[in-house]
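One-letter residues, chain by chain:
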Amino acid sequence: MTDRAMEFLKQVRDHLFYLKLRPGGIRLQAKGADLSGLRLRGFTLKSSVLTQVDFTDAELEEVSFDMSDLFGSNFTRAVLVGSRFVRADLRGANFLKANLRRTDFEEADLRPGQILNFSSGKQEVRQRTSLQDATMEGVNFKNADLSHADLTNSGMRGTDFAGANLFAANLAGADLREANFTGAKLKRAILNGAALNQSILRHADLREAVLRNVDLAESDVYGANLDGAIYMKGAGSLPPDVRQMLDAHIQWINSNGRQGLRADFTGMDLRGVDLTAADLSGAVFRGAKLNEASLANAFLSLVDFGGAKLCGAKLDQAILTGANLMDADLSGAHAGGADLGMVELRQPNGAPTGRMWPANLSGATLTGADLRGARLTGAKIGGAVFENANLASADLRGCDEASANLTRAYLSGARRGALSTPAHTEKLALLAV
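On a predicted model such as this, the values are computed, not experimentally measured, just so you know. (Residues numbered from 1 in each chain as written. Predicted model: local features only at pLDDT ≥ 70, side-chain atom pairs only at ≥ 80, totals over all residues. Heavy atoms only, no water.)

Quick look at the overall build of the protein
Going by this rule: Helix and strand definitions here come from DSSP, where helices need a minimum of 4 consecutive H or I residues and strands a minimum of 2 consecutive E residues; each element is numbered from the N-terminal end. Throughout this description, buried means an accessible area under 20% of the type-specific maximum (1.4 Å probe, protein chains only), exposed means over 50%, and partly exposed covers the range between. Contacts are residue-level and defined by heavy atoms, with any inter-residue pair within 4.5 Å sufficient.
For the protein, the helix and strand inventory stands at 2 helices and 7 strands. Taking the principal axes of its C-alpha atoms as reference, the protein extends roughly 90 × 50 × 35 Å. Residues counted as buried form 52% of the 433 residues belonging to the protein. Pairs at least 24 apart in sequence give 22% of the contacts found in the protein among residues at least 6 apart.

What to know about the packing of aromatic side chains
To keep things clear, this is the line we draw: Classification of ring pairs uses Phe, Tyr and Trp, with its six-membered ring standing for Trp, and accepts pairs whose centres are within 6.5 Å; under 30 degrees between planes counts as stacked, over 60 as edge-to-face, and the remaining range as tilted.
According to the stated counting rule, one finds 14 aromatic pairs in the structure shown. Aromatic pair Phe-75 and Phe-85: ring centres 5.8 Å apart, planes at 85°, arrangement edge-to-face. Placement of Phe-75 in the loop between helix H1 (3-19) and strand S1 (113-117) and of Phe-85 in the loop between H1 and S1 is noted, with a sequence separation of 10 residues between them. Here Phe-75 matches Phe-85 in class, with each residue buried. Pairing Phe-161 with Phe-181 gives two aromatic rings, centres 4.7 Å apart and planes at 0°, and the pair type is stacked. With Phe-161 in the loop between strand S2 (123-127) and strand S3 (210-211) and Phe-181 in the loop between S2 and S3, this pair connects stretches of sequence that are 20 residues apart. When sorted by exposure, Phe-161 lands in the same class as Phe-181, which is buried. Aromatic rings pair up to connect Phe-55, Phe-65, Phe-75, Phe-85, Phe-95, Phe-105, Phe-141, Phe-161 and Phe-181 into one cluster.

Considering the nonpolar core
It is characteristic of soluble globular proteins that their nonpolar side chains tend to be buried jointly. For clarity, the cut-off: Side-chain atoms within 4.5 Å link the members of a nonpolar core, which is a set of buried Ala, Val, Leu, Ile, Met, Phe, Trp, Tyr and Cys residues.
The biggest cluster of nonpolar side chains holds 66 residues, and the ones touching the most others in it are Phe-55, Leu-90, Phe-95, Leu-171 and Leu-176. Among the elements that take part in this core, H1 stands out by supplying 3 residues, more than any other. Contact partners of Leu-90, with chain neighbours within four places excluded, come to Leu-70, Phe-75, Phe-85, Phe-95, Phe-105, Ala-108, Asp-109, Leu-110, Arg-111 and Thr-129.

Considering the pattern of salt bridges
Convention followed: Whenever Lys or Arg places a side-chain nitrogen within 4 Å of a carboxyl oxygen from Asp or Glu, that contact is recorded as a salt bridge.
Counted according to the given criterion, the structure contains 25 salt bridges. Notably, a salt bridge pairs Glu-61 with Arg-41, separated by 3.3 Å at the nearest N-O pair. Taken together, the residues span a long stretch of sequence, with Glu-61 in the loop between H1 and S1 and Arg-41 in the loop between H1 and S1 at a distance of 20 residues. With a relative accessible area of 52%, Arg-41 lands in the exposed category. As a salt-bridge pair, Arg-202 and Asp-220 come within 3.1 Å of each other at their nearest N and O atoms. With Arg-202 in the loop between S2 and S3 and Asp-220 in the loop between S3 and strand S4 (230-231), this residue pair connects regions lying 18 residues apart in the sequence. Salt bridges linked by common partners bring Arg-41, Glu-61 and Glu-62 together as one network.

Here's the deal with H1
Residue pairs three or four apart in sequence face the same way in an α-helix, which turns once every 3.6 residues. Quick reminder of the rule: In this scheme, a helix's expected span is set at 1.5 Å multiplied by one less than its residue total.
Between the first and last C-alpha of H1 there are 24 Å, a value that for 17 residues agrees with the 24 Å anticipated at 1.5 Å per step. Looking only at H1, the buried set comprises Ala-5, Phe-8, Val-12, Asp-14 and His-15. Just downstream of H1 lies Leu-21, where phi reads positive at about 60°.

A look at the environment of Ala-277
Looking at the secondary structure, you find Ala-277 in the loop between helix H2 (240-254) and strand S5 (343-346). The exposure class assigned to Ala-277 is buried, which follows from its relative accessible area of 1%. With 200 residues separating them along the chain, Ala-277 and Arg-77 place their C-alpha atoms 34 Å apart. Setting aside chain neighbours within four positions, we find Ala-277 in contact with Arg-212, Asn-213, Ile-230, Tyr-231, Met-232, Ala-296, Asn-297 and Ala-298.

Details of the confidence of the model for the protein
Put simply, the rule reads: On a range of 0 to 100, pLDDT expresses the predictor's confidence in each residue.
Per-residue pLDDT for the protein averages 91, and the proportion of residues at 70 or more is 93%. Summarising per-element confidence for the protein, the mean pLDDT is lowest in strand S7 (residues 426-427) (40) and highest in S3 (94). Of the regions scoring below 50 in pLDDT, residues 423-433 engages in 36 contacts with residues more than four places distant in sequence or in other chains.

Some details on H2
With 15 residues, H2 extends 21 Å between its outermost C-alpha atoms, agreeing within 8% with the 21 Å of an ideal straight helix rising 1.5 Å per residue. Following H2 by one or two positions, Asn-256 adopts a phi angle in the positive range, close to 55°.

As for unusual backbone geometry
A negative phi angle is the norm for most residues apart from glycine, just as the trans form is the norm for most peptide bonds. With a phi angle near 55°, Arg-87 is a residue other than glycine that sits in the positive phi range. Summarising the element assignment, Arg-87 is placed in the loop between H1 and S1. Accessibility expressed as a relative area gives 54% for Arg-87, which makes it exposed. The phi torsion at Leu-302 lies on the positive side, around 60°, for a residue other than glycine. Structurally, Leu-302 is set in the loop between H2 and S5.

Here you go:
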């Protein structure tokens, strides 16, 4: 045993005396200590002060941290099976890839923490609590505060979130099968691609939550508030081959291309298909027939619609940043509030490239299309036909209008001309295609 570990165990002993009100007891305080790789089992560290302590790769099974101050602590890859954090302060803590099976976080505070950072000058950085890629089967989060927490791609089958606050939390790609969200606050939460089979969402607040590629057909949503939520309503009616491709594409997105398969619908007849709120970023629809299809609120960044037929398709509020619509036919399409602006490409590992990619509508037919309030900032529109299109309040800045046909297009309130400031860009962790 190292001297560092021996010294900490002496502090733990003194802390036990402190908890039992025995002479010589001293409350455990190890602020900023390096305890990486520490092995401890069955000890009680409740009410201790362990702010910004490094527990990386530590083995801390069945340890009680109840009511402890663990602000900004690092539990990366730590094994915490059966441990307790009841009412603990875990603001800004990091549990990346930690093993948290059967851990108890009831009433714990897992909100973001203001961490003082000296690396680039003294400044406070708002650091969200991370449970990304953590193993959390059977964890208790009853009445815990997880607002803004990052739980992406975590395994949380059977986890109890009853009464928890998950405001604006990110649960994209998480395994939430059989999880209990009764009365949970999930307003503005992100659950794209999450598995919610047999989950309980009774009386949950899901207002404005984003649930792209989530099928709620097998979930209990009695009394849930879904006002303004973006979720798939027609998943059950999708043709089996389309559903199979969509499921594989979800895996492809969630794993950054390491698993699953990129969806390729080239030349397929998908007329009238309901893909409302689906996440098909990076998918291929070249030459596909999508007339009257519903793609409202769908996430279609970097999708290839080259030469596709989208006559009368519903694309309202769809995100089409960087999409290829070259020579596509969108006659009579409904795309109010759609985003056809630029996107920043990223490498497969998620690192930014600094390269902006515009949506391409070159040669596209948008005759009679409804594009009210749509964003086309910097889009390529050479040879595009907007005859009789409704572009009221649309953003056409940075577009070469002279190269397009805007005959009888309605342009009241449209923003036009050169870009005076850099366009707001979506910073997306997408594969560059």
